[in-house]
Amino acid sequence: MQSGDQSPETASLLRRNRDLAILYDIAGYLNHKVDVHEALQDVLVRVTELLGLQTGWVWLIDEQNVPYLAAAQALPPYLADHPERMKGFCLCLDTFLNGDLGDASNVDVVRCSRLKNAERDSDPTALGLRFHASVPIYAGNTPLGVLNVASNGWRQLLPEELQLLHIISDQIGLAIQRARLSAEHTKTAARIATIEERNRLAREIHDTLAQGLAAIALQLETADALAESRPQRAQEAIQRALNLARNNLEEARRSVMDLRSAPLQDHTLPEALEQLLANETMLKVQYNCEPTTDFPALPARVEASLYRIVQEVLTNARKHAQAEHVEVSLIADDHQVVLRVQDDGQGFDPDRVKERGEGHFGLTGMIERVKLLGGNICIQSEPGSGTYVYVSVPY
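What counts, and where the lines are drawn
Residues numbered from 1 in each chain as written. Predicted model: local features only at pLDDT ≥ 70, side-chain atom pairs only at ≥ 80, totals over all residues. Heavy atoms only, no water. Helix = DSSP H or I, 4+ residues; strand = E, 2+ residues; numbered from the N terminus. Buried < 20%, exposed > 50% of the residue type's maximum accessible area, 1.4 Å probe, protein only. Contact = heavy atoms within 4.5 Å. Areas by Shrake-Rupley, 256 points an atom, 1.4 Å probe, with all protein chains shown as cover. Salt bridge = Lys/Arg side-chain N within 4 Å of Asp/Glu carboxyl O. Arc of directions from axis to C-beta. Phe/Tyr/Trp six-rings, centres within 6.5 Å; stacked < 30°, edge-to-face > 60°. Lys NZ or Arg CZ within 6 Å of the ring centre and 35° of its normal. Pairing = 2+ DSSP bridges. Axes fitted to C-alpha atoms, helices over the stretch in contact; angles between N-to-C directions. Parallel < 35°, antiparallel > 145°, perpendicular 65-115°, else oblique. Left-handed = near helix turned anticlockwise from the far one by under 90°. Nonpolar A, V, L, I, M, F, W, Y, C, P; charged D, E, K, R; others polar. Disulfide = S-S within 2.5 Å. Expected span 1.5 Å × (residues − 1). Core = buried A, V, L, I, M, F, W, Y, C linked by side-chain atoms within 4.5 Å. Patch = residues over 30% accessible without salt bridge, like charges linked within 9 Å, V, L, I, M, F, W, Y side chains within 5 Å.

A. Broad picture of the overall build of the protein chain. Counting its secondary structure elements, the protein chain contains eleven helices and ten strands. The buried share of the protein chain, taken over its 395 residues, is 39%. Taking all contacts inside the protein chain whose residues are at least 6 apart in sequence as the whole, residues at least 24 apart take part in 65%. Of the accessible surface of the protein chain, which amounts to about 22,100 Å², a share of 53% is contributed by carbon and sulfur atoms.

B. Up close: the pattern of salt bridges. On inspection of all chains with the given rule, the structure shows three salt bridges. Glutamate 49 is paired through a salt bridge with arginine 46; the nearest N and O atoms lie 3.9 Å apart. Taken together, the residues glutamate 49 and arginine 46, both in helix 2 (residues 36-50) and three residues apart, mark about one turn of the helix. Residue glutamate 280 is joined to arginine 318 by a salt bridge in which the shortest nitrogen-to-oxygen separation is 2.9 Å. Here the residue glutamate 280 occupies a position in the loop between helix 8 (269-278) and strand 6 (284-290), and arginine 318 occupies one in helix 9 (residues 300-319), the gap between them amounting to 38 residues. For glutamate 280, a relative accessible area of 9% corresponds to the buried category.

C. Just helix 8, in detail. Every buried residue belonging to helix 8 is among Leu269, Pro270, Ala272, Leu273, Leu276 and Leu277, and all of these are buried. Projection of helix 8 onto a plane perpendicular to its axis shows the buried side chains occupying an angular sector of 160 degrees, all on one side. Contacts made by the buried residues of helix 8 are with strand 6, helix 9 and strand 7 (325-332).

D. Representation of the packing of aromatic side chains in the model. Scanning all chains against the criterion turns up one aromatic pair. Between the NZ or CZ atom of arginine 85 and the centre of the ring of tyrosine 78, over which it lies, the distance is 3.9 Å.

E. Up close: unusual backbone geometry. The linkage connecting glutamate 290 with the following residue, proline 291, adopts the cis geometry, with an omega of -5 degrees. Note that proline 291 resides in the loop between strand 6 and helix 9. Despite not being glycine, alanine 74 has its phi angle at roughly 55 degrees, a positive value. When you line up the elements, alanine 74 lands in the loop between strand 2 (67-73) and helix 3 (77-80). Owing to a relative accessible area of 49%, alanine 74 belongs among the partly exposed residues under this scheme. Here serine 122, not a glycine, exhibits a phi torsion of approximately 55 degrees, which is positive.

F. Representation of the pairing of strand 4 (residues 132-139) in the model. Burial analysis of strand 4 places seven of its eight residues in the buried class, the great majority of the element. Where strand 4 lies against strand 5 (residues 142-150), eight bridges are found, and the strand directions are antiparallel. In the sheet register, proline 136 faces strand 5, and the bridge partner there is valine 146. The antiparallel pairing of strand 4 with strand 5 creates a hairpin that spans two residues between the two strands, and glycine 140 there sits at a positive phi of about 70 degrees.

G. Summary view of the packing of helix 8 against helix 9. Two elements in contact, helix 8 and helix 9, have axes whose closest approach is 10 Å; the angle formed by their N-to-C orientations is 20 degrees. With respect to helix 9, the element helix 8 is oriented roughly parallel. Regarding helix 8 and helix 9, the two cross each other, and that crossing is right-handed. For the pair helix 8 and helix 9, contact is made by Leu269, Ala272, Leu273, Leu276 and Leu277 and by Glu303, Leu306, Tyr307, Val310, Gln311 and Leu314, respectively. The class makeup of the residues in the contact of helix 8 with helix 9 is nine nonpolar, one polar and one charged.

H. Broad picture of the state of the cysteines. Here the structure, examined in full by the defined rule, presents zero disulfides. A disulfide-free cysteine, cysteine 90 has its sulfur positioned 5.1 Å from the sulfur of cysteine 92, the nearest such atom.

I. Local environment of the sheet that holds strand 10 (residues 387-394). Taking strand neighbours across the sheet as the criterion, the five strands line up as 6-7-8-10-9 in an open arrangement whose pairing is mixed. Edge positions in the sheet fall to strand 6 and strand 9 (376-381), since each has one partner strand and no second. Averaged over neighbouring strand pairs, the angle between their axes works out to 10 degrees when direction is ignored. When strand 6 meets strand 7, the two strands line up parallel, connected through seven bridges. Among the inter-strand pairings, tyrosine 287 is bridged to a residue of strand 7, identified as valine 328. Packed onto the sheet, helix 8 meets strand 6 and strand 7 and runs at close to 170 degrees relative to strand 6. Against the sheet, helix 9 makes contact with strand 7, strand 8 (336-343) and strand 10, and its axis sits at roughly 5 degrees relative to strand 8, the strand it touches most.

J. Molecular detail of helix 2. Between its first and last C-alpha atoms helix 2 spans 21 Å; for 15 residues at 1.5 Å apiece the expected length is 21 Å, and the two agree. Downstream of helix 2 by a residue or two, glycine 52 has a phi angle that is positive, lying close to 70 degrees.

K. Looking closely at the nonpolar core. One finds Leu306, Leu330, Val337 and Leu339 to be the most contacted residues of the largest nonpolar core, which totals 34 residues. Contributing elements (two or more residues each) for this core: helix 8, helix 9, strand 7, strand 8, helix 11 (363-372) and strand 10.

L. How the structure looks around a nonpolar patch on the surface. A grouping of Leu220, Ile238 and Leu242 is seen on the molecular surface, where their side chains present a nonpolar patch of about 220 Å² in accessible area. Checked against the element boundaries, leucine 242 lands in helix 7 (residues 231-261).

M. Fine view of the packing of helix 9 against helix 11. Closest axis-to-axis distance for the helix 9/helix 11 pair is 10 Å, and the angle between their directions is 165 degrees. Comparing the axis directions of helix 9 and helix 11 gives the class roughly antiparallel. The crossing of helix 9 and helix 11 is left-handed. Of the residues in helix 11, those in contact with Arg301, Ser305, Arg308, Ile309, Glu312, Val313 and Asn316 of helix 9 are Gly365, Met366, Arg369, Val370 and Leu372. For the contact of helix 9 with helix 11, the class distribution of residues is five nonpolar, three polar and four charged.

This is the structure we're talking about:
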(Lines give C-alpha, C1' and ligand atoms only; values in the text may rest on other atoms or scores of the structure.)
Protein backbone atom coordinates (compact mmCIF):
# COMPACT_ATOMS: atom_id res chain seq x y z
CA MET A 1 0.00 0.00 0.00
CA GLN A 2 1.35 3.42 -0.93
CA SER A 3 1.83 6.06 1.73
CA GLY A 4 -0.90 8.28 0.27
CA ASP A 5 -3.55 5.56 0.46
CA GLN A 6 -5.70 4.93 3.50
CA SER A 7 -7.71 1.84 4.27
CA PRO A 8 -11.28 2.30 5.57
CA GLU A 9 -10.08 1.08 8.97
CA THR A 10 -7.31 3.71 9.04
CA ALA A 11 -9.70 6.49 8.00
CA SER A 12 -12.17 5.41 10.69
CA LEU A 13 -9.43 5.34 13.32
CA LEU A 14 -8.23 8.81 12.35
CA ARG A 15 -11.78 10.13 12.49
CA ARG A 16 -12.32 8.64 15.95
CA ASN A 17 -9.05 10.13 17.15
CA ARG A 18 -10.13 13.51 15.79
CA ASP A 19 -13.49 13.20 17.52
CA LEU A 20 -11.84 12.29 20.81
CA ALA A 21 -9.52 15.29 20.48
CA ILE A 22 -12.51 17.57 19.89
CA LEU A 23 -14.37 16.19 22.90
CA TYR A 24 -11.27 16.50 25.08
CA ASP A 25 -10.77 20.13 24.07
CA ILE A 26 -14.40 21.02 24.59
CA ALA A 27 -14.50 19.31 27.99
CA GLY A 28 -11.53 21.46 28.94
CA TYR A 29 -13.29 24.66 27.86
CA LEU A 30 -16.43 23.79 29.77
CA ASN A 31 -14.68 22.59 32.92
CA HIS A 32 -12.14 25.38 33.30
CA LYS A 33 -14.03 28.47 32.19
CA VAL A 34 -15.90 30.17 35.01
CA ASP A 35 -18.23 32.03 32.63
CA VAL A 36 -20.43 29.57 30.71
CA HIS A 37 -21.06 32.05 27.90
CA GLU A 38 -17.31 32.49 27.40
CA ALA A 39 -16.91 28.70 27.34
CA LEU A 40 -19.70 28.39 24.75
CA GLN A 41 -17.87 30.89 22.56
CA ASP A 42 -14.73 28.73 22.67
CA VAL A 43 -16.78 25.62 21.90
CA LEU A 44 -18.29 27.22 18.80
CA VAL A 45 -14.86 28.23 17.52
CA ARG A 46 -13.52 24.69 17.99
CA VAL A 47 -16.55 22.91 16.52
CA THR A 48 -16.84 25.04 13.37
CA GLU A 49 -13.09 24.86 12.80
CA LEU A 50 -12.80 21.08 13.05
CA LEU A 51 -15.99 20.31 11.11
CA GLY A 52 -15.03 22.68 8.31
CA LEU A 53 -18.00 25.01 8.89
CA GLN A 54 -18.16 28.81 8.86
CA THR A 55 -20.51 29.82 11.61
CA GLY A 56 -22.51 28.74 14.61
CA TRP A 57 -24.64 30.07 17.45
CA VAL A 58 -26.22 28.88 20.68
CA TRP A 59 -29.67 29.70 21.99
CA LEU A 60 -30.41 29.31 25.67
CA ILE A 61 -33.79 29.47 27.38
CA ASP A 62 -33.99 31.80 30.37
CA GLU A 63 -36.06 31.32 33.53
CA GLN A 64 -39.09 32.90 31.83
CA ASN A 65 -38.80 30.35 28.99
CA VAL A 66 -37.67 33.09 26.60
CA PRO A 67 -34.78 32.31 24.23
CA TYR A 68 -31.70 34.53 24.00
CA LEU A 69 -28.51 34.39 21.96
CA ALA A 70 -25.87 33.08 24.38
CA ALA A 71 -22.93 32.79 21.95
CA ALA A 72 -22.22 33.28 18.24
CA GLN A 73 -19.29 32.59 15.92
CA ALA A 74 -18.72 34.39 12.60
CA LEU A 75 -22.32 35.36 11.90
CA PRO A 76 -22.82 36.80 8.40
CA PRO A 77 -23.34 40.58 8.25
CA TYR A 78 -27.02 40.03 7.49
CA LEU A 79 -27.38 38.75 11.08
CA ALA A 80 -24.40 40.26 12.89
CA ASP A 81 -25.22 43.85 11.81
CA HIS A 82 -28.91 43.47 12.68
CA PRO A 83 -29.20 42.02 16.19
CA GLU A 84 -32.99 42.18 16.04
CA ARG A 85 -32.89 39.33 13.50
CA MET A 86 -31.35 37.10 16.17
CA LYS A 87 -34.09 37.67 18.70
CA GLY A 88 -37.34 35.87 19.39
CA PHE A 89 -38.51 32.50 18.24
CA CYS A 90 -37.84 30.64 15.01
CA LEU A 91 -38.55 27.26 13.48
CA CYS A 92 -35.70 25.52 15.35
CA LEU A 93 -36.69 26.95 18.71
CA ASP A 94 -40.39 26.27 18.17
CA THR A 95 -39.61 22.68 17.23
CA PHE A 96 -37.31 22.32 20.22
CA LEU A 97 -39.74 23.76 22.76
CA ASN A 98 -42.53 21.58 21.36
CA GLY A 99 -40.35 18.56 22.12
CA ASP A 100 -39.99 17.57 18.45
CA LEU A 101 -36.24 18.20 18.15
CA GLY A 102 -34.98 15.08 19.84
CA ASP A 103 -31.57 14.59 18.24
CA ALA A 104 -29.01 16.47 16.20
CA SER A 105 -30.39 16.86 12.68
CA ASN A 106 -29.73 18.52 9.34
CA VAL A 107 -32.24 21.27 8.63
CA ASP A 108 -32.11 20.82 4.88
CA VAL A 109 -35.75 20.78 3.88
CA VAL A 110 -37.25 23.93 5.38
CA ARG A 111 -35.25 27.12 4.95
CA CYS A 112 -34.15 28.95 8.09
CA SER A 113 -36.89 31.40 9.06
CA ARG A 114 -34.28 34.00 10.02
CA LEU A 115 -32.72 33.92 6.56
CA LYS A 116 -35.72 33.49 4.29
CA ASN A 117 -35.91 37.22 3.51
CA ALA A 118 -32.21 37.28 2.66
CA GLU A 119 -32.72 34.44 0.22
CA ARG A 120 -35.81 36.02 -1.27
CA ASP A 121 -34.03 39.33 -1.79
CA SER A 122 -30.74 37.72 -2.77
CA ASP A 123 -29.07 39.77 -0.06
CA PRO A 124 -25.29 39.34 -0.48
CA THR A 125 -24.65 40.11 3.21
CA ALA A 126 -26.05 36.69 4.10
CA LEU A 127 -22.91 35.22 2.44
CA GLY A 128 -24.96 32.43 0.94
CA LEU A 129 -26.03 31.04 4.29
CA ARG A 130 -29.26 29.10 3.89
CA PHE A 131 -29.41 25.90 5.91
CA HIS A 132 -27.90 24.60 9.13
CA ALA A 133 -27.79 21.70 11.56
CA SER A 134 -29.65 22.03 14.85
CA VAL A 135 -28.70 20.21 18.04
CA PRO A 136 -30.92 20.27 21.16
CA ILE A 137 -29.27 20.95 24.53
CA TYR A 138 -30.72 19.21 27.57
CA ALA A 139 -29.73 18.64 31.19
CA GLY A 140 -31.49 15.36 31.86
CA ASN A 141 -35.06 16.06 30.81
CA THR A 142 -34.76 19.82 31.23
CA PRO A 143 -34.63 21.72 27.91
CA LEU A 144 -31.87 24.33 27.95
CA GLY A 145 -31.38 25.52 24.38
CA VAL A 146 -30.25 24.78 20.83
CA LEU A 147 -26.81 24.63 19.18
CA ASN A 148 -26.73 25.57 15.49
CA VAL A 149 -23.82 25.18 13.06
CA ALA A 150 -23.84 26.28 9.44
CA SER A 151 -21.85 26.93 6.27
CA ASN A 152 -22.51 28.85 3.06
CA GLY A 153 -21.62 25.85 0.94
CA TRP A 154 -23.88 23.65 3.01
CA ARG A 155 -23.44 19.93 3.05
CA GLN A 156 -25.37 17.48 5.11
CA LEU A 157 -23.40 16.42 8.14
CA LEU A 158 -22.59 12.73 8.33
CA PRO A 159 -24.34 10.62 10.97
CA GLU A 160 -21.12 10.31 12.97
CA GLU A 161 -20.71 14.10 12.84
CA LEU A 162 -24.25 14.58 14.10
CA GLN A 163 -23.54 12.05 16.84
CA LEU A 164 -20.43 14.05 17.80
CA LEU A 165 -22.52 17.22 18.00
CA HIS A 166 -25.05 15.39 20.16
CA ILE A 167 -22.31 14.36 22.63
CA ILE A 168 -21.01 17.94 22.64
CA SER A 169 -24.51 19.23 23.39
CA ASP A 170 -24.68 16.83 26.36
CA GLN A 171 -21.40 18.28 27.65
CA ILE A 172 -22.78 21.79 27.24
CA GLY A 173 -25.97 20.83 29.08
CA LEU A 174 -24.01 19.45 32.04
CA ALA A 175 -21.82 22.57 32.17
CA ILE A 176 -24.86 24.88 32.14
CA GLN A 177 -26.58 22.83 34.83
CA ARG A 178 -23.43 22.91 36.96
CA ALA A 179 -23.13 26.69 36.54
CA ARG A 180 -26.76 27.24 37.49
CA LEU A 181 -26.45 25.02 40.56
CA SER A 182 -23.33 26.94 41.54
CA ALA A 183 -25.17 30.25 41.12
CA GLU A 184 -28.05 28.96 43.23
CA HIS A 185 -25.56 27.80 45.87
CA THR A 186 -24.01 31.28 45.86
CA LYS A 187 -27.43 32.88 46.31
CA THR A 188 -28.22 30.50 49.16
CA ALA A 189 -24.88 31.27 50.81
CA ALA A 190 -25.59 34.99 50.46
CA ARG A 191 -29.01 34.54 52.07
CA ILE A 192 -27.44 32.57 54.93
CA ALA A 193 -24.76 35.23 55.35
CA THR A 194 -27.48 37.90 55.51
CA ILE A 195 -29.36 35.95 58.18
CA GLU A 196 -26.13 35.44 60.13
CA GLU A 197 -25.36 39.15 59.94
CA ARG A 198 -28.86 40.00 61.17
CA ASN A 199 -28.40 37.57 64.07
CA ARG A 200 -25.02 39.13 64.82
CA LEU A 201 -26.53 42.61 64.94
CA ALA A 202 -29.32 41.33 67.17
CA ARG A 203 -26.75 39.80 69.54
CA GLU A 204 -24.70 43.00 69.62
CA ILE A 205 -27.78 45.12 70.33
CA HIS A 206 -28.84 42.75 73.09
CA ASP A 207 -25.38 42.55 74.67
CA THR A 208 -24.74 46.30 74.60
CA LEU A 209 -27.58 48.74 74.06
CA ALA A 210 -30.41 46.59 75.43
CA GLN A 211 -28.52 45.73 78.61
CA GLY A 212 -27.45 49.33 79.02
CA LEU A 213 -31.00 50.63 78.66
CA ALA A 214 -32.23 48.04 81.15
CA ALA A 215 -29.62 49.22 83.65
CA ILE A 216 -30.61 52.87 83.10
CA ALA A 217 -34.27 52.02 83.65
CA LEU A 218 -33.37 50.19 86.87
CA GLN A 219 -31.45 53.21 88.23
CA LEU A 220 -34.26 55.60 87.33
CA GLU A 221 -36.83 53.35 89.02
CA THR A 222 -34.64 53.34 92.11
CA ALA A 223 -34.40 57.14 92.02
CA ASP A 224 -38.16 57.45 91.64
CA ALA A 225 -38.78 55.17 94.62
CA LEU A 226 -36.32 57.09 96.85
CA ALA A 227 -37.07 60.62 95.65
CA GLU A 228 -39.05 61.63 98.76
CA SER A 229 -37.70 59.36 101.48
CA ARG A 230 -33.98 59.42 100.65
CA PRO A 231 -33.27 62.20 98.14
CA GLN A 232 -29.49 61.81 98.41
CA ARG A 233 -29.67 58.15 97.37
CA ALA A 234 -32.09 59.11 94.60
CA GLN A 235 -29.63 61.70 93.33
CA GLU A 236 -26.86 59.08 93.29
CA ALA A 237 -29.06 56.73 91.27
CA ILE A 238 -29.79 59.51 88.78
CA GLN A 239 -26.06 60.16 88.38
CA ARG A 240 -25.45 56.47 87.74
CA ALA A 241 -28.23 56.50 85.15
CA LEU A 242 -26.65 59.52 83.46
CA ASN A 243 -23.26 57.79 83.35
CA LEU A 244 -24.83 54.65 81.89
CA ALA A 245 -26.67 56.73 79.28
CA ARG A 246 -23.45 58.47 78.25
CA ASN A 247 -21.62 55.13 78.00
CA ASN A 248 -24.39 53.62 75.92
CA LEU A 249 -24.50 56.65 73.66
CA GLU A 250 -20.75 56.22 73.10
CA GLU A 251 -21.30 52.52 72.40
CA ALA A 252 -24.02 53.31 69.87
CA ARG A 253 -21.76 55.81 68.13
CA ARG A 254 -18.94 53.25 68.11
CA SER A 255 -21.20 50.62 66.53
CA VAL A 256 -22.43 53.04 63.88
CA MET A 257 -18.87 54.05 63.05
CA ASP A 258 -17.82 50.41 62.84
CA LEU A 259 -20.58 49.67 60.36
CA ARG A 260 -20.02 52.85 58.38
CA SER A 261 -16.25 52.69 58.07
CA ALA A 262 -16.03 48.99 57.09
CA PRO A 263 -12.51 48.70 58.56
CA LEU A 264 -11.67 45.51 56.66
CA GLN A 265 -12.62 46.89 53.27
CA ASP A 266 -9.21 48.36 52.48
CA HIS A 267 -7.04 46.62 55.10
CA THR A 268 -5.83 43.17 56.03
CA LEU A 269 -7.00 41.73 59.34
CA PRO A 270 -3.71 42.54 61.14
CA GLU A 271 -3.85 46.13 59.86
CA ALA A 272 -7.50 46.55 60.86
CA LEU A 273 -6.84 45.16 64.35
CA GLU A 274 -3.80 47.39 64.77
CA GLN A 275 -5.93 50.42 63.90
CA LEU A 276 -8.75 49.28 66.20
CA LEU A 277 -6.41 48.78 69.15
CA ALA A 278 -4.53 52.01 68.49
CA ASN A 279 -7.81 53.91 68.81
CA GLU A 280 -8.56 52.30 72.18
CA THR A 281 -8.32 55.05 74.83
CA MET A 282 -9.69 53.40 77.98
CA LEU A 283 -7.47 50.29 77.96
CA LYS A 284 -3.72 49.75 77.72
CA VAL A 285 -3.31 47.27 74.89
CA GLN A 286 -0.37 45.07 73.90
CA TYR A 287 -0.71 43.68 70.38
CA ASN A 288 1.33 40.91 68.75
CA CYS A 289 0.90 39.54 65.22
CA GLU A 290 2.77 36.64 63.58
CA PRO A 291 4.00 36.49 60.92
CA THR A 292 4.70 40.19 60.86
CA THR A 293 5.18 40.11 57.08
CA ASP A 294 3.36 38.06 54.46
CA PHE A 295 0.42 37.39 56.74
CA PRO A 296 -1.79 34.94 54.81
CA ALA A 297 -4.89 36.19 53.05
CA LEU A 298 -7.88 34.88 54.98
CA PRO A 299 -11.43 34.34 53.72
CA ALA A 300 -13.56 37.46 54.19
CA ARG A 301 -15.93 35.71 56.62
CA VAL A 302 -13.02 34.65 58.83
CA GLU A 303 -11.51 38.14 58.90
CA ALA A 304 -14.85 39.83 59.63
CA SER A 305 -15.74 37.39 62.42
CA LEU A 306 -12.35 37.61 64.16
CA TYR A 307 -12.46 41.40 63.96
CA ARG A 308 -15.93 41.49 65.55
CA ILE A 309 -14.84 39.04 68.26
CA VAL A 310 -11.98 41.34 69.22
CA GLN A 311 -14.41 44.28 69.30
CA GLU A 312 -16.77 42.37 71.59
CA VAL A 313 -13.95 41.26 73.92
CA LEU A 314 -12.68 44.84 74.20
CA THR A 315 -16.18 46.08 74.95
CA ASN A 316 -16.58 43.47 77.66
CA ALA A 317 -13.18 44.27 79.17
CA ARG A 318 -13.87 47.98 79.14
CA LYS A 319 -17.52 48.05 80.17
CA HIS A 320 -18.11 44.98 82.34
CA ALA A 321 -14.75 43.75 83.63
CA GLN A 322 -13.28 47.19 84.47
CA ALA A 323 -9.98 45.92 83.03
CA GLU A 324 -6.93 48.13 82.68
CA HIS A 325 -4.66 45.99 80.47
CA VAL A 326 -5.44 43.75 77.52
CA GLU A 327 -3.07 41.53 75.54
CA VAL A 328 -4.09 40.57 71.98
CA SER A 329 -2.19 38.15 69.76
CA LEU A 330 -2.96 36.96 66.24
CA ILE A 331 -0.97 34.02 64.88
CA ALA A 332 -1.45 32.27 61.54
CA ASP A 333 0.14 29.22 59.93
CA ASP A 334 -0.63 27.40 56.69
CA HIS A 335 -3.87 25.88 57.99
CA GLN A 336 -5.36 27.93 60.81
CA VAL A 337 -5.40 31.31 62.48
CA VAL A 338 -5.32 31.65 66.27
CA LEU A 339 -6.59 34.64 68.25
CA ARG A 340 -5.75 35.08 71.94
CA VAL A 341 -7.07 37.87 74.17
CA GLN A 342 -6.21 38.21 77.88
CA ASP A 343 -7.48 40.97 80.21
CA ASP A 344 -6.80 41.76 83.88
CA GLY A 345 -10.42 42.56 84.71
CA GLN A 346 -12.65 41.30 87.51
CA GLY A 347 -13.54 38.09 85.64
CA PHE A 348 -16.69 35.98 86.00
CA ASP A 349 -17.89 32.40 86.36
CA PRO A 350 -18.54 31.01 82.84
CA ASP A 351 -20.50 28.01 84.17
CA ARG A 352 -22.98 30.20 86.02
CA VAL A 353 -23.44 32.36 82.92
CA LYS A 354 -24.12 29.27 80.77
CA GLU A 355 -26.53 27.84 83.35
CA ARG A 356 -28.55 31.06 83.33
CA GLY A 357 -28.56 30.99 79.49
CA GLU A 358 -27.62 34.63 79.27
CA GLY A 359 -25.51 36.22 76.57
CA HIS A 360 -23.55 38.06 79.26
CA PHE A 361 -20.15 39.40 78.19
CA GLY A 362 -20.88 38.52 74.55
CA LEU A 363 -20.32 34.79 75.18
CA THR A 364 -23.20 33.68 72.99
CA GLY A 365 -22.21 35.90 70.10
CA MET A 366 -18.56 34.83 70.13
CA ILE A 367 -19.39 31.12 70.41
CA GLU A 368 -21.87 31.29 67.54
CA ARG A 369 -19.42 33.15 65.31
CA VAL A 370 -16.66 30.60 65.83
CA LYS A 371 -19.06 27.68 65.41
CA LEU A 372 -20.23 29.03 62.05
CA LEU A 373 -16.59 29.13 60.90
CA GLY A 374 -15.96 25.53 61.94
CA GLY A 375 -13.47 26.63 64.58
CA ASN A 376 -12.91 26.19 68.32
CA ILE A 377 -13.26 28.68 71.16
CA CYS A 378 -12.18 28.43 74.79
CA ILE A 379 -13.14 31.06 77.35
CA GLN A 380 -11.40 30.82 80.73
CA SER A 381 -12.32 33.14 83.60
CA GLU A 382 -13.10 33.26 87.28
CA PRO A 383 -14.04 36.11 89.58
CA GLY A 384 -11.02 38.28 90.36
CA SER A 385 -8.68 36.63 87.84
CA GLY A 386 -9.44 38.26 84.52
CA THR A 387 -10.62 36.57 81.33
CA TYR A 388 -8.73 34.62 78.65
CA VAL A 389 -10.28 33.99 75.21
CA TYR A 390 -8.72 31.51 72.78
CA VAL A 391 -10.06 31.11 69.24
CA SER A 392 -8.71 28.87 66.46
CA VAL A 393 -10.27 28.87 63.00
CA PRO A 394 -9.25 26.75 59.97
CA TYR A 395 -9.00 28.37 56.56
